[in-house]
2 protein chains.
Amino acid sequence: MAQFLGVDDYLKQRDALIQEDRSLRREYMTAQLRSPLEVKADEIVRKIRAKEAATVWQEDHPEILHPFPGMEFLTGRKIIEKTQIFQILSKMPKGALLHAHLDATVNVSLLYELALKEQAIHVRIPEQLTAANIGSVLPEFRGLPAKSYGLDGISLTSSAYTPNTWVNIARARETFDTSLGGPEGFDKWVLDAMTIRPDEAYGTHNTVYKAAIYLHSIWRKFTSTFIVAGGLTRFMPIFKQYLRLFFLSSIEDGILHVEPRINFLSKLAIGADGKENVTHRDMLLIYDKVIQEVKAELKQRGQENKFIGARIIYSTIKIITPEELNWYLEDCIALKKEFPHLIAGTFRFDLVGDENELRPLIDYIEPLLQFRKRQAEEGVDIPFILHAGETLGDGNLADNNMYDAILLGTKRIGHGFSLVKHPKLIETCRERGIALEVCPISNEILRLTSSMPMHPLPVLLNNGVPVALCSDDPSVFGNMGLTYDFFQVLVASEVTGLSTLGALARDSITFSSMEVEEKELARKAWEAEWTSFLEYIVAIA
Amino acid sequence: MAQFLGVDDYLKQRDALIQEDRSLRREYMTAQLRSPLEVKADEIVRKIRAKEAATVWQEDHPEILHPFPGMEFLTGRKIIEKTQIFQILSKMPKGALLHAHLDATVNVSLLYELALKEQAIHVRIPEQLTAANIGSVLPEFRGLPAKSYGLDGISLTSSAYTPNTWVNIARARETFDTSLGGPEGFDKWVLDAMTIRPDEAYGTHNTVYKAAIYLHSIWRKFTSTFIVAGGLTRFMPIFKQYLRLFFLSSIEDGILHVEPRINFLSKLAIGADGKENVTHRDMLLIYDKVIQEVKAELKQRGQENKFIGARIIYSTIKIITPEELNWYLEDCIALKKEFPHLIAGTFRFDLVGDENELRPLIDYIEPLLQFRKRQAEEGVDIPFILHAGETLGDGNLADNNMYDAILLGTKRIGHGFSLVKHPKLIETCRERGIALEVCPISNEILRLTSSMPMHPLPVLLNNGVPVALCSDDPSVFGNMGLTYDFFQVLVASEVTGLSTLGALARDSITFSSMEVEEKELARKAWEAEWTSFLEYIVAIA
């Protein structure tokens, strides 16, 4: 207490208290090592941020009533893209992307372009499409065998359309009724079905409090985008090109390693011949091939340091029963054993989906505990990387998943949004080095937080919890790459600066599933790019 | 980690971890002392809460798109009032009210009724009132001397109205143009000017990110309600009746002690004769008189345990300069010295207002440090009870006020909304017993949180920070008493139960400014009422 202190002594006490309060932050662990270059670049970025907070974020923007830094992403994106901070961050080396669902990682327009070129891709709907139902009827896509192609003569918008009849996608586009916008109307209908619009997130579907079965749940809309896109990505000729686009666009944004979750709920995918006979093993072979191709191309251009590689987090969805889970656990072990050289030690078992409505982890505790024993028997090690705490609940099932994830020895936590409520678990994450995969834009669009200033990330950072920023479902949310997420985090806090972003990127490498040597490679590559990045900032000032 | 555990052992580990994680909660400090009666009542309330979450909160309500427990208060209030939980909590003994601004503590309809009966009360506006400007022009009220009454012939809505001319309030009401709703239109105009409507908080003014000078800031609307109501409460004949209504309505809601902040920015108030010559000393004499009258009445009815008493937290607003602050600090010391017997040891210096836009505490550090010395010289002890951290900012001036409040030795913290970001300050509050005055509904309407499930209160509770729930400005927000705030807290968390609410009420007594003997009295009275309350719950089940 500052009894009878003079102002100078008071200010000294104050500085010491602030420093102590922030001493757990991970960028301060190496603060003494900050180069004069980093200190200078940090100051420059802080000045630009302050200037833009008072200029571009205070101006009138058409249709945006209350702009502010860190505002609702879908509404504010146009302003974000105008800022110098965004331009700068687009050049930042981001480290590794540790939390993204593969089916939502490539810009929907690009996926749609791929689909239009595939003669096998067909679309169907359960009823004729009209002005009245175009907002609610969703396209279902699928690659078909050539012998089934004949039935595609009739438009989806024609009264002669037989419900659930497959129509070739290009043909469906051409014959889309002009009253619904013609071919461009078809484009819009398809793309809308794979993304979330601002009026959905912030208007009609603005609630986290309803299960996906409810008409106005944001999770209903969110889930439906996956069903639509999944019809395309499950077709292996598209899958292969899709993977390539995912890796290349990630690299373009400064990401040097990715660990997407692949949803293996469907036991078989669809091959070039339109037959549903592609196994998970076949998919992994494709995955590995694309990695090698991309790496070879980069090497040819002398850019091999831009992409260390990719892993897969084996995932399924918590709609299955505990008994059904066993099949996937065994599948995971078998794949791990069959391809130890291919995807060494990187398979993870994960469970994704709306935690607030699906089964809690505790329901699966028997097979999950059994999984440990089975790994020991088979001589493999597949650590858990579990989703937990993606909820506003306090002591509800989804919040309590945090206890199970940690007791099960999870290596990282997907989201962990509710961790801030748990002092003991915060301590555990800090001490055991359990990193949180924090997805700021996803949390906001799925209405766990109304804007970035309300997001609990500063609580995690000040408590020294390791954090990797992630995009989650960028094609659905429109936050392609990691630049947008880093942007939202930087502009919403005056404590957070460039060094914080650097610490987040470093942690994404540290807590990745890369092998020791790969991590060393990745670190060296990242540090070199970081220095170039700082030099670039100092040069533009 | 649960390697190779059986399910039974796993569940034991899990229970132990959950208990450890919640061991700092203040209701668990005395959990062993929970009576079987309390345990039973707690279970009953949890059941009713679960039932209502699945019934009344899931039903369709006209004009409420997405109802859920803990939703936006102004929209959900009608549903809240239909619930059994609300009926139950209205009977709960609440303890002490430690954070409320006096000018916003009595239902605006009652204040308005008082005003209509006072011949001296006049109203004026800067321009003739029309359909076009009725949404933005605010009434200014004032008690006038009798000799000024003659000018009140012309309607505020008449084209003959001379801007800024005072009109008697009853006359202004009678002559209010029928096109604007006649007398009822006047009533609505006046009441709207003293409250926040749902469409303002959640629509037109839905942002915390603008200073009060901005047209659409919720703080602009909020501040204006005080200016309007202050014109009435500054008139001493109303002030006296207003105090009485405040005490009686608080008692009615189960509150046994109040510590309102009185805004002493105006050095003089207005007396019955319409002259601006009433000193702060005069106001305190009135305050004390009303307390004594209310206590006497209660004693006569054998209900003296329902009201232990009232204090005042001396407050002013951070628009003043550090030099001007000295006058108020000396005023506070003088009052404390002159009336030690009257309001023994209860004066506090406080600074209220929108922290995000007004001066930070650090600007006043010289007079504030000097204040300590002056108290020692004068032989008085006036601990600070400061507002701090009522902000979404991270490391901005308002957030940094938290450091100053604590370094200045604040006894409690008004709001402390941003405390959760500060691990060191959380520890300090827990260890030194600095209680937070948490105002859930205020925080939500002023857009620091979008709903109760997003409020950081669970973080505070799980970290063992002492908390007193408070209403802040109930006449503006419509959360009269403390029942609504307790309701919002209870329904938004499955960890929080009746015992948590009991702990919050107990802490409001423990961390109040009552003298030792008064606290003892209050505790005994509260415990007796708590037992009756539990018996009532068990009886209705």
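Scroll up a little and you will see the structure.
Since we're looking at a predicted model, the values are computed, not measured. (Residues numbered from 1 in each chain as written. Chains lettered and ligands numbered in written order. Predicted model: local features only at pLDDT ≥ 70, side-chain atom pairs only at ≥ 80, totals over all residues. Heavy atoms only, no water.)

Chemist: Can you explain the overall build of chain A? Please cite residues and give values.
Modeler: On a plain count of helices and strands, chain A comes out with 21 helices and 13 strands. The globule rule puts the C-alpha radius of gyration for 541 residues at 24 Å, and the 24 Å found for chain A is close to it. Each principal axis of the C-alpha atoms in chain A carries an extent, and together these give about 90 × 65 × 55 Å. With 541 residues in all, chain A has 61% of them scored as buried. Of the accessible surface of chain A, which amounts to about 20,200 Å², a share of 54% is contributed by carbon and sulfur atoms. Placing the 59 positive and 72 negative side-chain charges of chain A at their respective mean positions leaves the two points 3 Å apart. (Helix = DSSP H or I, 4+ residues; strand = E, 2+ residues; numbered from the N terminus. Rg over C-alpha atoms; globule rule 2.2 N^0.38 Å. Buried < 20%, exposed > 50% of the residue type's maximum accessible area, 1.4 Å probe, protein only. Areas by Shrake-Rupley, 256 points an atom, 1.4 Å probe, with all protein chains shown as cover. Lys, Arg positive; Asp, Glu negative; His and termini not counted. Charge placed at Lys NZ, Arg CZ, Asp CG, Glu CD.)

Chemist: Lay out the interface of chain B and chain A with the relevant residues and their values.
Modeler: Opposite the 69 residues of chain B that make contact, chain A presents 69 residues. The junction of chain B with chain A conceals about 6,200 Å² of combined surface from both sides, 62% of it contributed by carbon and sulfur atoms. The tally of links from chain B across to chain A stands at 4 salt bridges. Across the pair aspartate 404 of chain B and arginine 14 of chain A runs a salt bridge, and its minimum N-O distance is 2.8 Å. Looking at the side of chain B that touches chain A, the elements that each hand over two or more residues are helix H1 (7-21), helix H9 (198-204), helix H14 (365-378), helix H15 (397-407), helix H16 (423-432) and helix H18 (457-462) of chain B. (Contact = heavy atoms within 4.5 Å. Buried area = accessible area lost by both parts, 1.4 Å probe. Salt bridge = Lys/Arg side-chain N within 4 Å of Asp/Glu carboxyl O.)

Chemist: How would you explain the sheet that holds strand S3 (residues 140-143) of chain B if you had to name every residue and give the values?
Modeler: Residues and elements named next belong to chain B. Taken together, the 3 strands give an open sheet; going across it, the order is S3-S2-S4, and neighbouring strands pair in antiparallel fashion. With one partner strand each, in any of the chains shown, S3 and strand S4 (167-168) form the two edges of the open sheet. In terms of strand pairing, strand S2 (residues 121-124) meets S3 through 4 bridges, oriented antiparallel. For valine 123, the partnering residue across the bridge sits in S3 and is phenylalanine 141. (Pairing = 2+ DSSP bridges.)

Chemist: Give me the nonpolar core: which residues, what numbers.
Modeler: Residues Phe247 of chain A together with Phe247 of chain B are the most contacted members of the largest nonpolar core, which totals 333 residues. Each of domain 1 (88-108 + 228-533) and domain 2 (119-193) of chain B accounts for three or more of the residues forming this core. In this view, phenylalanine 247 of chain A contacts Val258, Tyr287, Val290, Ile291, Val294, Phe307 and Ala310 of chain A; residues no more than four positions away in its chain are not counted. Of all hydrophobic cores here, the second largest spans 8 residues; its members include Leu448 and Met454 of chain A together with Leu392 and Phe417 of chain B. (Core = buried A, V, L, I, M, F, W, Y, C linked by side-chain atoms within 4.5 Å. Domains from an automatic or database assignment.)

Chemist: Provide a residue-level description of the sheet that holds strand S1 (residues 95-97) of chain B, including the pertinent values.
Modeler: Strands in a sheet are paired, the pairing made by backbone hydrogen bonds, and the direction either parallel or antiparallel. All names here are of chain B. With parallel pairing, the 3 strands of this open sheet are ordered in space as S1-S5-S9. Among the strands making up the open sheet, the edge pair consists of S1 and strand S9 (309-310). Of the pairings in the sheet, the one linking strand S5 (residues 255-258) to S9 comprises 2 bridges and is parallel in character. What sits directly across from valine 258, in S9, is alanine 310. Relative to S5, helix H11 (residues 236-252) is tilted by about 145 degrees, and along the sheet it contacts S1, S5 and S9. (Axes fitted to C-alpha atoms, helices over the stretch in contact; angles between N-to-C directions.)

Chemist: Outline the pattern of salt bridges, listing residues and values.
Modeler: According to the stated counting rule, one finds 68 salt bridges over all chains in the structure shown. Between aspartate 507 of chain A and arginine 26 of chain A there is a salt bridge, and its shortest N-O distance comes to 2.5 Å. Of the two residues, aspartate 507 of chain A sits in helix H20 (residues 498-510) while arginine 26 of chain A sits in the loop between helix H1 (7-21) and helix H2 (36-54), which places them 481 residues apart along the sequence. Glutamate 520 of chain B is the partner of arginine 523 of chain B in a salt bridge, and the nearest nitrogen-oxygen pair spans 3.4 Å. A residue pair is termed a helical-turn pair when its members lie 3 or 4 positions apart in one helix, as arginine 523 of chain B and glutamate 520 of chain B do in helix H22 (residues 516-540) at 3 residues. One salt-bridge network, held together by shared partners, links Lys188, Asp192, Arg197, Asp199, Glu200 and Lys221 of chain A.

Chemist: Which residues make up helix H15 (residues 423-432) of chain A, and what are the values?
Modeler: All buried positions along H15 of chain A are accounted for by Pro423, Lys424, Leu425, Ile426, Thr428 and Cys429 of chain A. Contact partners of the buried residues in H15 of chain A: helix H14 (397-407), strand S11 (412-415) and strand S12 (435-438) of chain A together with H1 and H18 of chain B.

Chemist: So what's going on with the relation of the copies chain B and chain A? Residues and values would help.
Modeler: For the pair chain B and chain A, the best superposition has an RMSD of 0.0 Å and corresponds to a rotation of 180 degrees with a translation of 0.0 Å parallel to the axis. Accordingly, the operation relating the two chain copies is best matched by a two-fold axis. For chain B, the residue whose C-alpha comes nearest the rotation axis is serine 450 of chain B, separated from it by 3.3 Å. Here 100% of the interface residues in chain B have copies in chain A that are interface residues too; the copies meet face to matching face. (Least-squares fit on C-alpha atoms with pLDDT ≥ 70 in both.)

Chemist: If you had to explain the side chain of threonine 428 of chain A to someone new, which residues and values would you point to?
Modeler: Following the sequence through the fold, threonine 428 of chain A ends up in helix H15. Since its relative accessible area comes to 10%, threonine 428 of chain A is described here as buried.

Chemist: Requested: an account of the environment of phenylalanine 384 of chain B, with residues and values cited.
Modeler: Residue and element names in this part refer to chain B. Along the chain, the position of phenylalanine 384 falls in the loop between H14 and strand S12 (386-388). Exposure remark for phenylalanine 384: the relative accessible area of 0% places this residue in the buried category. Separated by 29 residues in the primary sequence, phenylalanine 384 and isoleucine 413 place their C-alpha atoms 9.1 Å from one another.

Chemist: Residues and numbers for the state of the cysteines, please.
Modeler: Residue and element names in this part refer to chain B. Evaluated as defined, the whole model comprises 0 disulfides over all chains. Cysteine 439 forms no disulfide, and the closest cysteine sulfur to it belongs to cysteine 470, at a distance of 4.8 Å. The exposure class assigned to cysteine 439 is buried, which follows from its relative accessible area of 0%. (Disulfide = S-S within 2.5 Å.)

Chemist: Which residues make up the packing of aromatic side chains, and what are the values?
Modeler: Tallying each qualifying case throughout the model produces 39 aromatic pairs over all chains. Here the aromatic rings of tryptophan 57 of chain B and phenylalanine 487 of chain B are separated by 6.5 Å at their centres, their planes lie at 45 degrees, and the arrangement is tilted. Of this pair, tryptophan 57 of chain B sits in the loop between helix H3 (36-54) and helix H4 (73-82) while phenylalanine 487 of chain B is found in helix H20 (residues 483-491), placing the two residues 430 residues apart along the sequence. Taken as a pair, tryptophan 57 of chain B and phenylalanine 487 of chain B share a single burial class, namely buried. One aromatic cluster is present, built from ring pairs that chain together Trp57, Phe73, Phe86, Tyr484 and Phe487 of chain B. Lysine 267 of chain A extends its terminal NZ or CZ atom over the ring of tryptophan 327 of chain A, reaching a point 4.4 Å from the ring centre. (Phe/Tyr/Trp six-rings, centres within 6.5 Å; stacked < 30°, edge-to-face > 60°. Lys NZ or Arg CZ within 6 Å of the ring centre and 35° of its normal.)

Chemist: Please set out the pairing of strand S8 (residues 313-317) of chain A residue by residue, giving values where relevant.
Modeler: Where a strand is regular, its side chains alternate between the two sheet faces. All names here are of chain A. Counting buried positions along S8 yields 5 of 5 residues, so the element is predominantly enclosed. Burial along S8 is two-sided: Ile313, Ser315 and Ile317 and Tyr314 and Thr316, pointing in opposite directions, are all buried. Strand direction decides the pairing type here: strand S6 (residues 261-263) and S8, joined by 3 bridges, are parallel. Each residue of the ladder has a partner; that of asparagine 263, found in S8, is serine 315.

Chemist: A description of H2 of chain A should follow, citing residues and the corresponding values.
Modeler: Residue and element names in this part refer to chain A. The terminal C-alpha atoms of H2, which comprises 19 residues, lie 28 Å apart, in line with the 27 Å expected from a rise of 1.5 Å per residue. All buried positions along H2 are accounted for by Glu38, Ala41, Asp42, Ile44, Val45, Ile48, Arg49 and Glu52. An end-on view of H2 places all buried positions within 165 degrees of arc, on one side of the element. Exposed and oriented more than 90 degrees from the buried face of H2 are Pro36, Lys47, Lys51 and Ala54. Considering only its buried residues, H2 is in contact with helix H4 (84-89), helix H19 (483-491), H20 and helix H21 (516-540). (Expected span 1.5 Å × (residues − 1). Arc of directions from axis to C-beta.)

Chemist: Lay out the environment of glutamate 127 of chain A with the relevant residues and their values.
Modeler: Residues and elements named next belong to chain A. Along the chain, glutamate 127 falls in the loop between strand S2 (121-124) and strand S3 (140-143). Residue glutamate 127 is classed as partly exposed on the basis of its relative accessible area, which comes to 40%. When the C-alpha positions of glutamate 127 and threonine 165 are compared, they lie 9.5 Å apart, and in sequence the two are 38 residues distant. For glutamate 127, the side chain forms a polar contact with the side chain of asparagine 133, separated by 3.4 Å. (Polar contact = N/O pair within 3.5 Å; in protein donor to acceptor, adjacent residues only side chain to side chain.)

Chemist: Mind laying out the packing of H15 of chain A against H1 of chain B, listing which residues take part and the relevant values?
Modeler: The description of two packed helices rests on the angle between their axes and on the distance between the axes. Close contact between H15 of chain A and H1 of chain B brings their axes to 7 Å; oriented N to C, the two are set at 105 degrees. Judged by the inter-axis angle, H15 of chain A sits roughly perpendicular to H1 of chain B. Contacts between H15 of chain A and H1 of chain B involve Pro423, Lys424 and Leu425 of chain A on the former and, on the latter, Leu17, Glu20 and Asp21 of chain B. Residue composition of the contact of H15 of chain A with H1 of chain B, by class: 3 nonpolar, no polar and 3 charged. (Parallel < 35°, antiparallel > 145°, perpendicular 65-115°, else oblique. Nonpolar A, V, L, I, M, F, W, Y, C, P; charged D, E, K, R; others polar.)

Chemist: Mind laying out the environment of proline 367 of chain A, listing which residues take part and the relevant values?
Modeler: Residue and element names in this part refer to chain A. The residue proline 367 is located in helix H13 (residues 365-378) in this model. Given the relative accessible area of 7%, proline 367 is considered buried. Remark: the alpha-carbon pair of proline 367 and isoleucine 406, spanning 39 residues in sequence, is separated by 16 Å. Setting aside residues up to four positions removed in sequence, proline 367 forms contacts with Pro322, Leu325, Asn326 and Leu329.

Chemist: Any details on the side chain of serine 512 of chain A? Residues and values, ideally.
Modeler: Residues and elements named next belong to chain A. Within the element layout of this structure, serine 512 appears in the loop between H20 and H21. Using a relative accessible area of 1% as the deciding quantity, one classes serine 512 as buried. At 3.3 Å, the side chain of serine 512 and the backbone nitrogen of methionine 514 are in polar contact.

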